[in-house]
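Listed below, chain by chain, are the residues.
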Amino acid sequence: MAKKRTVRTIPQERTAVRELDPVVRGTNFEEVNCGYNEKEALLESERCLFCPDPKCIAGCPVNINIPAFIEKLGQKDYRGAYDVITASNLLPSVCGRVCPQENQCEGVCVVGESLEPVAIGRLERFIGDRAIAEGWVNIPAIEPAPYKVGIVGSGPAGMACAADMAKAGCDVTVFEAFHEPGGVLRYGIPEFRLPNSVIDAEISNLKKLGVRFECNTLVGRLFTIEQMIEEMGYQAVFIGTGAGYPSMLNIPGDSLNGVLSANELLTRCNLMRARDFPKVDTPLPLGRKVAVVGAGNTAMDALRVCLRLGAEKVYCIYRRTKAEAPARAEEIHHAEQEGIEFHWLTNPVEVLGDDTGNVRGMRCVRMELGEPDSSGRRRPVPIEDSEFDFETDQVVYAIGTNANPIIGQTSNLGLNKWGYIQCDDSLATSLAGVFAGGDIVTGAATVIEAMGAGRRAARAMKSYLGLRDDDALESPGTLFGIDLREHNYARVRIA
Amino acid sequence: MPVNEPTTSYFEIVKREDYSDVTYMLEVSHPLMARAAKPGQFVIVMSHEDGERIPLTIADFDAQKGTVTLVIQAVGKTTREMQQTCQVGTRLYGLVGPMGIPSSLSHATKVLCVGGGLGVAPVYPQARGFKELGAKVIGVLGFRNKDLVFWEDKFKSVCDELILCTDDGSVGIKGMVTDGIKLALERHPDIDEAVAIGPPVMMKASAETTRPFGVKTMVSLNPIMVDGTGMCGGCRVKVGEQVKFACVDGPDFDGHLVDFDDLMVRLRRYKEEENAAMKRFEESCRMRDFMVTDAEVREAITTQMGEA
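Please read all numbers here as calculations on a predicted model, not as lab measurements. Per-chain numbering applies: the sequence of each chain, read as written, is numbered from 1 onward. Labels are handed out in written order, letters beginning with A for the chains and numbers beginning with 1 for the ligands. Reporting of local features is limited, given that this is a predicted model, to residues whose pLDDT is at least 70; pairs of side-chain atoms are given and counted only at 80 or more, and all residues count toward the totals for whole chains, interfaces and linings. Calculation of side-chain values draws on the structure's entire complement of heavy atoms; hydrogens and water are dropped beforehand.

A. Representation of the overall build of chain B within the structure. Strands here mean DSSP runs of E at least two residues long; helices mean DSSP runs of H or I at least four residues long; both are numbered from the N terminus. Within chain B, the secondary structure is distributed over nine helices and 16 strands. With respect to the principal axes defined by its C-alpha atoms, chain B has extents near 80 × 50 × 40 Å. Only protein chains enter the accessibility calculation, which uses a 1.4 Å probe. A residue is then buried if its area is under 20% of the maximum for its type, exposed if over 50%, and partly exposed in between. Burial statistics for chain B: of 308 residues in total, 55% are counted as buried. Residue burial considers only the protein chains on display, and all accessible areas are found by Shrake-Rupley using a 1.4 Å probe. Split by element, the accessible area of chain B, about 13,600 Å² in all, is 53% carbon and sulfur. In this count, Lys and Arg are taken as positive residues and Asp and Glu as negative ones, while His and the chain termini are left out. Charge positions come from single atoms, namely NZ of Lys, CZ of Arg, CG of Asp or CD of Glu. Positive and negative side-chain charges of chain B, numbering 35 and 44 respectively, have mean locations separated by a distance of 3 Å.

Printed below as a string of structure tokens:
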């Protein structure tokens, strides 16, 4: 670097990202965010100050060495940048798209103190997409270890744990109950936010590491966790089954036809491709006026899916204000652009039905913010006599999930009082050799947090199995946990 | 998307029998599931890549042969299509299970097992299970007429007494399963539990019939599902004051507490789409028949011309 960059010398404006026109995209499932091209990525990379004490690394749940990858990117060493990211994060293309960066790396970016923070997520995605296009994959020379590892659930937590254990030489099998792997990335997040081709590419990278996927396998019922350890020869098991069991509002009218969970809507539309009905067999009747309750990422996905399926009006009903909405800022922004009507400080009290058992409307009450509650957010309280009705013919609940009961029903694992799996700090469960992570331990969270948990569990699993763990050395010269100074390290390009 | 060759997913159909023009039996190879399955559990089937996921109760399982048996009624597009495509030697695209909490085969000493219509087959594993536990089993099966009767021998081998009911009286007693239930309860006042499986309206009637006798009656619910693992909530049912997910909290519930009217309304959720799909399917079948005929005619003409 010739000159030291300062906040004054770097490009002041954050490089804008091209997006599909809101009117056009409202009618299709094309990806909304087009991502940076090379020129834009290089320009944005100039905004990183390479702080001596970078906050962003600590802000990232998997501690990607962000300044290092941005530096490589700026030198047009995209392969090098990819190597830096993948040393910590298996799925740059996924995380660049779905991480809530504003609360993580970008939220603590030093540039962000005076200007818009560096668009770290978009740069990460640029590198990830470049890797997919070029067919890059880092397959280290793996020294086989004589251990069989079973992973329950093929979502982000399971994928991250599987990758680390495969790299440690274990024979890894991932079990998935659905007919396709990917978990929430596949059934939950719609294509306009995360194209299936990206998930396919990431899964094929895992297969190149030797990970096997067994779909159509409901662990717990087809065989139990205990059987995996005692009869099937697995030395270690990781449970990453997600939270899954959707909450209902428990208000009158919950069971009317036309009331469904966001999980059902999204699974029908994404995994089962009901948007192509009748070309595929799974139906998804859509309302003309749809109300989605909740304002998290799942709610935003549900709102925007309904819009794309052709609803005339799509309302977002949330009992707090925009400031408390848990969704990524970009998703709310995109939803607003696309014409979603937001009704903040509004709480449903009843779903109204007609005489055939279908939804015809919803009764809500206006709210105001009171004192902060245990989560630190100001508690919404109803305003007296503010009830009102409006017309809607489909109601989607996106208000969170509870613990899926299957593993609890079928094993002796210790659970907490909400039914989530109880773990110690290393993510070990009450059964020896069994580890767990992701939503089934913490309750609903984000993709990157689940991946971070998968990696933490892998670390504990390695130490349980007595495997060497290079990650524990914190050496900067490691890639996929393999010491770069070792002779058997090889980089392979797969066409 | 193709995954690495899955060892648990061969799903080959090894045997098929047709019990009537709408009812057919498939025996599917799945050794792991055959070992794991218990009475009362169900599977989710996907017949092809673009198919829907449909829940089907396991009608029988044989750990030795490594097969699970499904008895299917061709009532909708998917089941009609499967009736044509699922032949011995073909494979299902997806088969996952066993799902749901197994029936609690209590220590009842005398049990009434009631099956009507599509519920006849799934009540068999429960009857056999109770028999194996040493209970006396009274079976009540309902069919429309003599020609539609199936599995009579199987049931006879596990029931101490079997009452057949047909609408027209062509075999057994003339009447509905509720008449059979009444008869059984009067003959055997010591029956301490009943299981009734069939269409919702039949389960409702069965539960109402046993209610005055104070006999606990378990029913197996089969609402609309997508995943079958508790993830979508499409299968939620009202049981007493609570909302339950049939896939992970059931499928067996106390029939005296189930809100059957709610269940029946919810089963109509996709009626329009189902009817439309059915109509399209029938049209495509007719088109195919027509094309075959057309081709045959053309071939005949060509042959004739050749001869001339």
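B. The pairing of strand β2 (residues 23-29) of chain B, seen in detail. All names here are of chain B. Buried residues dominate β2, accounting for seven of its seven residues. Burial along β2 is two-sided: Thr23, Met25, Glu27 and Ser29 and Tyr24, Leu26 and Val28, pointing in opposite directions, are all buried. Strands are labelled as partners when DSSP assigns at least two bridges between them. Looking at chain direction, strand β1 (residues 13-18) and β2 are connected through five bridges and run antiparallel. Within β2, the residue paired with Lys15 across the bridge is Glu27. The hairpin turn running from β1 into β2, its antiparallel successor, is four residues long. Note that β2 and strand β6 (residues 67-73) share seven bridges and pair antiparallel. Bridging across to β6, Leu26 finds its partner in Leu70.

C. Representation of the packing of aromatic side chains. We call Phe, Tyr and Trp rings a pair once their centres come within 6.5 Å, taking the six-membered ring for Trp, and we label the pair stacked below 30 degrees between planes, edge-to-face above 60, and tilted otherwise. What the rule picks out here adds up to 18 aromatic pairs over all chains. Each ring, one from Phe342 of chain A and one from Trp344 of chain A, has its centre 5.0 Å from the other, and the planes form 15 degrees; the classification is stacked. Residue Phe342 of chain A is classed as buried on the basis of its relative accessible area of 16%. Of the residues examined, Trp344 of chain A reaches a relative accessible area of 22% and is grouped as partly exposed. For the pair Tyr19 of chain B and Phe150 of chain B, a centre-to-centre distance of 4.5 Å together with 5 degrees between the ring planes defines the contact as stacked. Within this pair, whereas Tyr19 of chain B is found in the loop between β1 and β2, its partner Phe150 of chain B is found in the loop between β9 (136-143) and α4 (152-158), the two being separated by 131 residues in sequence. Across this residue pair, the class does not change: Tyr19 of chain B and Phe150 of chain B are buried. Joined through ring pairs, the aromatic side chains of Tyr19, Tyr124, Phe143, Phe150, Trp151 and Phe155 of chain B make up one cluster. Above the plane of the ring of Trp151 of chain B lies Lys154 of chain B, whose end atom (NZ or CZ) is 4.0 Å from the centre. In this analysis the charged atom, NZ for Lys or CZ for Arg, is taken to sit over a ring once it is within 6 Å of the ring centre and within 35 degrees of the ring normal.

D. Focus on the nonpolar core. Formed by 80 residues in total, the largest nonpolar core has its most connected members in Phe69, Leu73 and Met165 of chain A. Of all the elements, helix α18 (residues 447-465) of chain A adds the most residues to this core, at 10 residues. Each domain's extent was defined by an automatic or database domain assignment. For this core, the domains that each give at least three residues are domain 1 (22-134) and domain 2 (148-244 + 403-465) of chain A. Take the buried residues of types Ala, Val, Leu, Ile, Met, Phe, Trp, Tyr and Cys, join any two whose side-chain atoms come within 4.5 Å, and each joined set is a nonpolar core. By size, the runner-up hydrophobic cluster in this structure holds 41 residues, among which are Met228, Val237 and Tyr420 of chain A together with Val43 of chain B.

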